[in-house]
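Next come the chains, spelled out residue by residue.
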Number of protein chains: 2
Amino acid sequence: MPDYKAPLRDIRFVLNEMLDTEQHYVNLGADEASPDMVDAIIEEGAKFSEQVLAPLNRVGDTQGCQWNDGEVTTPDGFKEAYQQFVEGGWPSLAHNTELGGQGLPESLGLVLNEMVGSANWSWSMYPGLSHGAMNTIEAHGTDDQKQTYLTQLISGNWTGTMCLTEPHCGTDLGLLRTKAEPNDDGTYSVSGTKIFISAGEHDMAENIVHIVLARLPDAPEGTKGISLFIVPKFNVNDDGSLGDRNGVACGSLEHKMGIHGNSTCVMNFDSAKGYLIGPPNKGLNCMFTFMNTARLGTAIQGLCHAEVGFQGSLDYARERLQMRSLTGPKAPEKSADPIIVHPDVRRMLLTQKAFAEGGRALIYFAAQQVDIVKHANTDEERQQADALLSFLTPIAKAFLTEVGFESANLGLQCFGGHGFISEWGMEQNVRDSRISMLYEGTTGIQALDLLGRKVLMSQGESLKTFTKIVHKFCQAAEGDEAMAAYVEPLNKLNKEWGELTMKIGMSAMQNREEVGAASVDYLMYSGYIVLAYFWARSAQVAQQKLAEGTSEEAFYQAKLATANFYFARLLPRTQTLATTMTSGADNLMALAAEDFAF
Amino acid sequence: MPDYKAPLRDIRFVLNEMLDTEQHYVNLGADEASPDMVDAIIEEGAKFSEQVLAPLNRVGDTQGCQWNDGEVTTPDGFKEAYQQFVEGGWPSLAHNTELGGQGLPESLGLVLNEMVGSANWSWSMYPGLSHGAMNTIEAHGTDDQKQTYLTQLISGNWTGTMCLTEPHCGTDLGLLRTKAEPNDDGTYSVSGTKIFISAGEHDMAENIVHIVLARLPDAPEGTKGISLFIVPKFNVNDDGSLGDRNGVACGSLEHKMGIHGNSTCVMNFDSAKGYLIGPPNKGLNCMFTFMNTARLGTAIQGLCHAEVGFQGSLDYARERLQMRSLTGPKAPEKSADPIIVHPDVRRMLLTQKAFAEGGRALIYFAAQQVDIVKHANTDEERQQADALLSFLTPIAKAFLTEVGFESANLGLQCFGGHGFISEWGMEQNVRDSRISMLYEGTTGIQALDLLGRKVLMSQGESLKTFTKIVHKFCQAAEGDEAMAAYVEPLNKLNKEWGELTMKIGMSAMQNREEVGAASVDYLMYSGYIVLAYFWARSAQVAQQKLAEGTSEEAFYQAKLATANFYFARLLPRTQTLATTMTSGADNLMALAAEDFAF
């Protein structure tokens, strides 16, 4: 297994040199988040991730979770690591001080999530899932519910889950059947089966707070009849102590391709006592209020697996000796050259590097919008950040997980046959990353969200929230010759983006299928341009630093080299996508369903 | 696990309607291979694959192979299935009648390999690996060696392996260290460690014949000092009976991402008795004589996983109800529409279908060249087939395994979260397929073989063996309006292919790194054009049949729809590849090895 080293230099580059996080925190009024404080937190988080979590990553994969009569045992060391995590105060980092949180900005929490998730994605999901529960209760819970559940979640004493999926419905939650019958005491009896419940049952915390989607007896059909309920694993007494076991149990664990260290549970609710949260029948609306944050949390997974793949394959490529360089021996004293001399190995390494570093910039930028949505000084600021975040979220989620999986695969590929062997850890990285394109809305669903719900439904306004930013950037850099290599293609694509959107919008007015026929290609196309913008900004910062003079010349030159690579080798993927996304729905819809095979 | 159904209708379409296999066999003088006989063999092979092998596919994955003190136990049922395979006479199908074979054409064997491999790739590797050993002995063995070993391999009583890789060398065989010391009796003592030996040890046959690459004491360094040895697991007495155990043992099994049902062995040779085969120090040359066949055998794996992914996801897409069509309910009587109504699900299904069926045409066509190389009436025919096969082999191997992996992933993706769950079998299909881009020469190595060794080293002549065929096809179809939609883009790309090759060749004269910098993109670009040619031919056949009148209209219309999809949605990938392959080596080579990370 490759050692994980938190990429602190690049994290600081993005936070401090690209995104001016110091000023951003000042604007938010987040006085606790002084530069020194932020830096210290990141260093501590890095240490914890490298030293405590990374060594458990392969243990989690090989042992997996064990189910025994409803009880779930997590892999060796997971529980202890969680205890350390709680003692370190990590769960409370970005939460309300009135409820025991530290009140630091959400964006700082996402930096931590990157390091924790890269070190051990399966482990990171236990505290990660709590966030959904916390956000739900924070936004829609009563004061009592906050005191009873949220404080315990913030402290990390308890963890949380989101119970959405049922065997017959994942994407289409309108079909869900779990029932909530009102009891005389104002509580509800929740019954039904939920599947794919990550961290649904485990031995790491003393209680688990399930947020459950269910239907009231008189609920309208479809998505407009879904309500949200708090269903604790153990009922909570009035004094906050744990009472009897509630009617919810883990029926079994799923056997799955990866993230073996995380318990993916079938959860059976059998007249479990539940508490309505938010207004009846408005459950889905309530959940949408923090969907962006949740999806950004999954977008990070793309970045994590790209980073891990990159680190592992870079180490290997520097050490593995195989063949001579095409231009003659580069390490004549050795029996062969290290494979990093070979252009195609470099292509694979640079692809991973460009996606990891570009993805980091995108996610940290989006995370700043989360901060602004929460703490903006004006409504206008808030609305603008919200619009930008709404637009970027499906791109970050789907694009980064797709290229994260590609990167994980390239990391494996650099190892040749050894990449297929478990001990190296590269194949685990591929398997663990594969889920990211499925859960929290598949790539196809994100693409419909982007093109259908956001861009087209807003008549293109949603797109403009971002293209305006790109346009401004290009305008400001006009005349800067060193930047021309980035600004010219970026500017051109930024215009083409609008034109293609218009074109698809026009076709979609004739035939709604055109939206679905274009959507995934449109999303990927958008992703490449978004990343090009961040790579252009990275290059600009690097050029400025080099012009000013710096002791870190190699670092900034590497930024430029990677930006050049991105523009030369990855951004041209937009060419094909522009063609295919406008090729029309006919080539997909012509074939009758019964004629796909004979 | 999805049921495997051998795609007999499409197999017959390619064999009989596209490639006129009947005439091909007549030309070869393969009188045994009458159309009825061929069809009966294929039907029997389909039955065996569907009924005996497919049910063992998941068993193989979950049980894996067990190592115990050097002995390896294969998963339940594997041994019995192999026994049936031997009793059915399958191993001897395409082998020399004088040594007990049935003398049927190699291309027919490859059709069988497709079905067997789709049903259970791990199992198929046991008889599959024997082929390497058989080909080696057939081409380079003495009569004695043939009588002793080859007859037993042909009957299937024994299996074979190819022992190439060592811990420090896979691609770069020049580094290998295994030694062969001559004994007084003319045999050799072979000592060394080999890894990644597929089917290296198992309980399915009574003896295993290892073909081992090793160095004689006085051998020159590098690839020119490698010799080939036969090293049997059990020594063979003069009367052909089994003698004592030889000094070769399986030290351990690798833990790996997939193909768990196949034993991937570390093999320790400790003064094992070996027999030189072929001339000393010419081992690699000897192996190259059948490299094309071996690589074609792996190319099939791409086709297999695309087919399996397609079949599984098609069934699911027709049954799974989720969301309504964008143009209104298509199954109003159900709670939701089957997901095959959604354009993006169709995009994923059609991608798999286009790669599977196009890949089948490519492989069967290449297999005909194998037949011709073996049995041509004239040297000219043989040389032409050999040139064509040499050109197509790295494309078939690397391109089809890359798009096979993509297809397997799309098959999984169609299942949403369920795709990640083992019981559905789609994630096994992904894991099993991942090895195909690594062994038998990685994608990167195939790409260097294609662009460097073949196309550029022949001054483009190798490319012309194929572009001439495409050119002829396009010329002949000129004026056929119904074909214009295929012929025009194909013709244009066929020309561009030559131009880009010239361009890269010119840059490579300045800088050899340009070859490695362009190679993988060049190979993939080539693959898309090769498949476009076969899709154009498929469309032509379909149009002819429809014009003539047919009772299978839906089948031929589906061919046209899939061809249209291929040209509209997959072939445009050449646009990006044309740009990136000519973007130059600088964007890869500029960064110093030590500056990839900080």
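Residues numbered from 1 in each chain as written. Chains lettered and ligands numbered in written order. Predicted model: local features only at pLDDT ≥ 70, side-chain atom pairs only at ≥ 80, totals over all residues. Heavy atoms only, no water.

1. Quick notes on the interface of chain B and chain A
Note the threshold: Here, two residues are considered to be in contact whenever any of their heavy atoms come within 4.5 Å of each other. Buried area: the sum, over both parts, of the accessible surface (1.4 Å probe) that disappears when the two are put together. Salt bridges are identified by distance alone: a Lys or Arg side-chain nitrogen within 4 Å of an Asp or Glu carboxyl oxygen. N or O atoms within 3.5 Å of each other form a polar contact, as long as, within protein, one can give a hydrogen and the other can take it, and as long as residues adjacent in sequence are counted only when both atoms are side-chain atoms. Amino acids outside the nonpolar list (Ala, Val, Leu, Ile, Met, Phe, Trp, Tyr, Cys, Pro) and the charged list (Asp, Glu, Lys, Arg) are all regarded as polar, and Gly is one of them.
Facing the 93 residues of chain B at the interface are 93 residues of chain A. Buried area between chain B and chain A, summed over both chains or domains, comes out near 8100 Å², and the portion from carbon and sulfur atoms is 62%. The largest share of the area that chain B buries against chain A comes from F420(B), R569(B) and F596(B), three residues that together contribute 11% of it. Residue R569(B) is joined to D521(A) by a salt bridge in which the shortest nitrogen-to-oxygen separation is 3.5 Å. Counting every contact that joins chain B to chain A gives 53 residue pairs in polar contact (both at pLDDT 80 or more). For the side of chain B that touches chain A, the per-class residue count stands at 45 nonpolar, 27 polar and 21 charged.

2. Section: a nonpolar patch on the surface
Residues and elements named next belong to chain A. The line we're drawing: Each patch groups residues whose relative accessible area exceeds 30% and which form no salt bridge, using 9 Å between like charges and 5 Å between nonpolar side chains of Val, Leu, Ile, Met, Phe, Trp and Tyr. In this description, accessible areas are obtained by the Shrake-Rupley approach with a 1.4 Å probe, and a residue is regarded as covered only by the protein chains that are shown. Segments assigned H or I by DSSP are reported as helices when at least four residues long, segments assigned E as strands when at least two residues long, and all are numbered from the N terminus. Per-residue accessibility, obtained with a 1.4 Å probe over protein chains only, is compared with the maximum for each type, and a residue is labelled buried under 20%, exposed over 50%, and partly exposed between these values.
A contiguous nonpolar surface patch, about 400 Å² in accessible area, is contributed by M502, M506 and M509. For M506, the location among the structural elements is in helix 16 (residues 484-510). Classification of M506 as exposed rests on a relative accessible area of 52%.

3. Focus: the domain arrangement of chain A
All names here are of chain A. So the rule is basically this: Here the bounds of each domain stem from an automatic or database domain assignment.
Each domain of chain A was delimited in the assignment, giving domain 1 (287-448) and domain 2 (450-582). Each side of the interface is counted separately: domain 1 has 32 residues, and domain 2 has 33 residues. For the pair domain 1 and domain 2, the summed buried surface comes to about 2600 Å²; carbon and sulfur atoms form 77% of the total. The interface formed by domain 1 and domain 2 contains two salt bridges. Among the ionic pairs, E357 bridges to K559, the shortest N-O distance being 2.8 Å. Our count for the contact surface shared by domain 1 and domain 2 stands at ten residue pairs in polar contact (both at pLDDT 80 or more). Broken down by secondary-structure element, the contributors of at least two residues to the side of domain 1 that touches domain 2 are helix 11 (343-375), helix 12 (379-414) and helix 14 (443-456). Looking at the side of domain 1 that touches domain 2, the element that brings in the most residues is helix 12, giving 13 residues. Among the residues making up the side of domain 1 that touches domain 2, the classes are represented as 19 nonpolar, eight polar and five charged.

4. Some points on the packing of helix 15 (residues 461-476) of chain A against helix 16 of chain A
Residues and elements named next belong to chain A. Convention followed: Each axis is a line fitted through C-alpha atoms, taken for helices only over the stretch in contact, and angles between the N-to-C directions span 0 to 180 degrees. For this classification, under 35 degrees means roughly parallel, over 145 means roughly antiparallel, 65 to 115 means roughly perpendicular, and everything else is oblique. Take the far helix as your reference; a near helix turned counterclockwise from it by less than a right angle gives a left-handed crossing, and one turned clockwise gives a right-handed crossing.
Contact geometry for helix 15 and helix 16: axes closest at 10 Å, N-to-C directions at 155 degrees. Looking at the two axes, helix 15 sits roughly antiparallel to helix 16. Helix-helix and strand crossings are classified by hand; for helix 15 and helix 16 the assignment is left-handed. For the pair helix 15 and helix 16, the contacting residues are L463, F466, T467, V470, H471, F473 and C474 in the first and V487, L490, N491, N494, W497, G498 and T501 in the second. A class-by-class count of the residues in the contact of helix 15 with helix 16 yields eight nonpolar, six polar and no charged.

5. So, the relation of the copies chain B and chain A
One copy of the chain maps onto the second through a rotation about an axis and a displacement along it. Rule in force here: Alignment of copies: least-squares fit on C-alpha atoms of residues with pLDDT of at least 70 in both copies.
Once chain B is rotated about the relating axis by 180 degrees and shifted along it by 0.0 Å, it coincides with chain A to within an RMSD of 0.0 Å. Taken together, the rotation and translation describe the operation of a two-fold axis. When C-alpha distances to the rotation axis are compared across chain B, the minimum falls at T576(B), with a value of 2.9 Å. The residues that chain B uses at the interface reappear at the interface of chain A in 100% of cases, marking a shared surface.

6. Some words on the UniProt feature "domain: Acyl-CoA oxidase/dehydrogenase middle" (unreviewed entry) in chain A
Going by this rule: UniProt positions are given in the numbering used here, feature names are shortened, and annotations may be inferred rather than shown by experiment.
Here the UniProt-annotated "domain: Acyl-CoA oxidase/dehydrogenase middle" (unreviewed entry) positions come out as residues 162-271 of chain A. Between the end C-alpha atoms of residues 162-271 of chain A there is a gap of 18 Å, over a span that is 0% helix and 47% strand.

7. Here's the deal with empty space enclosed by the protein
Residues and elements named next belong to chain A. Note the cut-off: With a 1 Å grid spanning the protein atoms alone, the term cavity applies to any set of points in which a 1.4 Å probe fits but cannot get out, the term pocket to an open set with protein on both sides within 12 Å along at least five of seven lines, and the term lining residue to any residue with an atom within 4 Å of a point. Grid points are joined across faces, edges and corners, and a volume is the space filled by probe spheres set on the points.
Enumeration according to the criterion identifies three cavities of 30 Å³ or more in this entry. Of the volumes computed, that of the largest cavity is approximately 60 Å³. As for the largest cavity, its lining consists of eleven residues, of which N57, S118, H305, N429 and D432 are closest to the centre. Among the secondary structure elements, those contributing two or more residues to the lining of the largest cavity are helix 6 (106-119), helix 10 (291-319) and helix 13 (426-434).

8. Considerations on the environment of I504(A)
Residue and element names in this part refer to chain A. With respect to the helices and strands, the residue I504 is situated in helix 16. For the pair I504 and D185, spaced 319 residues apart in sequence, the C-alpha separation works out to 54 Å. Residues contacting I504, with those up to four places away along its chain left out, are L451, E514, A518, Y522, M581 and T582.

9. Side note on the side chain of S422(A)
Within the secondary structure, S422(A) is located in the loop between helix 12 and helix 13. When neighbours within four sequence positions are excluded, S422(A) is seen to be in contact with R58(A), E427(A), H255(B), K256(B) and M257(B).

10. Quick look at the packing of helix 11 of chain A against helix 17 (residues 513-548) of chain B
Contact pair helix 11 of chain A / helix 17 of chain B: the axes reach a minimum separation of 7 Å and the direction vectors enclose 50 degrees. Between helix 11 of chain A and helix 17 of chain B, the crossing angle belongs to the class labelled oblique. Across from P343(A), D344(A) and R347(A) in helix 11 of chain A, the residues of helix 17 of chain B making contact are E513(B), G516(B), A517(B) and V520(B).

11. Topic: unusual backbone geometry
Residue and element names in this part refer to chain B. Even without being a glycine, D20 presents a positive backbone phi close to 40 degrees. With respect to the helices and strands, D20 occurs in the loop between helix 1 (8-18) and helix 2 (21-28). We classify D20 as partly exposed; its relative accessible area is 42%. For M323, which is not glycine, the phi dihedral falls at a positive 65 degrees. Along the chain, the position of M323 falls in the loop between helix 10 (291-319) and helix 11 (343-375). What makes M323 partly exposed here is its relative accessible area of 34%.

12. Some words on helix 11 of chain A
This is how the line gets drawn: What a helix is expected to span follows from its residue count: subtract one and scale by 1.5 Å.
Along its 33 residues, helix 11 of chain A runs 47 Å from first to last C-alpha, staying within 8% of the 48 Å computed at 1.5 Å per residue. Here helix 11 of chain A lies mainly inside the structure; 30 of its 33 residues are buried.

13. A word on the pattern of salt bridges
A complete count under the given rule lists 57 salt bridges over all chains for this structure. D10(B) is the salt-bridge partner of R360(B), the closest N and O atoms lying 2.7 Å from each other. Of this pair, R360(B) sits in helix 11 while D10(B) sits in helix 1, and the two are 350 residues apart along the sequence. Residues E357(B) and K353(B) are paired through a salt bridge, measuring 2.9 Å at the closest nitrogen-oxygen approach. Separated by four residues within a single helix, E357(B) and K353(B) lie in helix 11, roughly one turn from each other. The class for E357(B) is buried, based on a relative accessible area of 11%. For K353(B), a relative accessible area of 3% translates into the label buried. One network of salt bridges, in which partners are shared, links D10(A), E114(A), E307(A), K353(A), E357(A), R360(A) and K559(A).

14. Some words on the environment of E514(A)
Residue and element names in this part refer to chain A. For E514, the location among the structural elements is in helix 17 (residues 513-548). On the basis of relative accessibility, which here comes to 15%, the residue E514 falls in the buried class. In this structure, the C-alpha to C-alpha distance between E514 and G60, residues 454 residues apart in sequence, is 43 Å. Once residues lying within four places of it in the same chain are set aside, the contact partners of E514 are I504, S507, A508, G584 and A585. Here A585 takes part through its backbone nitrogen, which lies 3.1 Å from a polar atom of the side chain of E514.

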